[in-house]
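The residues making up each chain are set out below.
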Amino acid sequence: MSAETVGMHMPAMVTLDDLAAMNASDPNGHRYETSPEGVLSVMPPADSEHAQIASRVFAWLLMAGWPAEQILQVAGIRVPGAGRDGGRIPDISVWSKAPPRAVWLSVAELLLVVEIVSPGSEAMDEVTKRREYAAAGIPQYWVVDRDGAQTVTLYQLSAEATYAERAKMPLAWLLQTSPSDHL
């Protein structure tokens, strides 16, 4: 499909319902997200390394006794903003209780969001999403870089509603600890 075709059929303002439809109908597995300001982002499908990292973190939480229904992979969250909500789809989200069935979940019971950096998503994960998730009041945000050590940076929400770096470590080291040490 050409850019012209997409442009002709793109609504003036993409809603969360539009995003849900775009995500459901994309035959190539792209992930569509929008900021609370209305900026549309198209993420490429995850590769096998990305999926392996997500699986390792998910399994670590699960094996430590975190209830499976409170650990979600690629579940949409509603990011509140001034005048409208954005929609983000973090790689992993951890909840204080099982969230209700919905396409776009409220961040009210959200404890942790984990994003795995993909080539080209560095600025989105390190700057944009970090700012949005902090403004939404999500207590913790972890970013997994895909460097040689698969470095995980653990951010915690400060009293100023920004994230402060709490720790930085290789993923292999994190997985040797208990989630309760960090959550």
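A. Representation of the nonpolar core. Counting residues in each nonpolar core, the largest one holds 20 residues, and the members touching the most others are Ile-92, Trp-142, Val-152, Leu-171 and Leu-174. Among the secondary structure elements, those contributing two or more residues to this core are α3 (48-63), β6 (92-95), β8 (110-116), β9 (140-144), β10 (151-157) and α5 (171-174). Of all the elements, α3 adds the most residues to this core, at six residues. Beyond its immediate sequence surroundings of up to four residues, Leu-171 is in contact with Ile-53, Arg-56, Val-57, Ala-149, Gln-150 and Val-152. Counting 18 residues, the second largest nonpolar core, distinct from the first, contains Leu-72, Val-79, Trp-95 and Ala-134.

B. Highlighting the side chain of Asp-26. Within the secondary structure layout, Asp-26 lies in the loop between α2 (16-25) and β1 (31-34). The charged side chain of Asp-26 is buried without a salt bridge, its nearest counter-charge being Arg-31 at 11 Å. Reaching out from Asp-26, the side chain makes a polar contact with the backbone nitrogen of Gly-29 at a distance of 3.1 Å. There is a polar contact of 2.5 Å between the side chain of Asp-26 and the side chain of Tyr-32.

C. Local environment of α2. Along α2, the residues classified as buried are Leu-16, Leu-19 and Met-22. Projection of α2 onto a plane perpendicular to its axis shows the buried side chains occupying an angular sector of 115°, all on one side. For α2, the exposed residues set more than 90 degrees away from the buried face come down to Asp-17, Ala-24 and Ser-25. Buried residues along α2 sit against β1, β2 (40-43), β4 (76-79), β5 (86-88) and β7 (104-105). Its side-chain oxygen 3.3 Å from the backbone nitrogen of Asp-17, Thr-15 forms the N-cap of α2.

D. Highlighting the packing of aromatic side chains. This model, assessed by the stated rule, comprises five aromatic pairs. Taking the centre distance of 6.2 Å and the plane angle of 20° together, the rings of Tyr-141 and Tyr-155 count as stacked. Of this pair, Tyr-141 sits in strand β9 while Tyr-155 is found in strand β10, placing the two residues 14 residues apart along the sequence. Each of the two residues, Tyr-141 as well as Tyr-155, counts as buried.

Conventions used here
Residues numbered from 1 in each chain as written. Predicted model: local features only at pLDDT ≥ 70, side-chain atom pairs only at ≥ 80, totals over all residues. Heavy atoms only, no water. Core = buried A, V, L, I, M, F, W, Y, C linked by side-chain atoms within 4.5 Å. Buried < 20%, exposed > 50% of the residue type's maximum accessible area, 1.4 Å probe, protein only. Helix = DSSP H or I, 4+ residues; strand = E, 2+ residues; numbered from the N terminus. Contact = heavy atoms within 4.5 Å. Lys, Arg positive; Asp, Glu negative; His and termini not counted. Salt bridge = Lys/Arg side-chain N within 4 Å of Asp/Glu carboxyl O. Polar contact = N/O pair within 3.5 Å; in protein donor to acceptor, adjacent residues only side chain to side chain. Arc of directions from axis to C-beta. Phe/Tyr/Trp six-rings, centres within 6.5 Å; stacked < 30°, edge-to-face > 60°.

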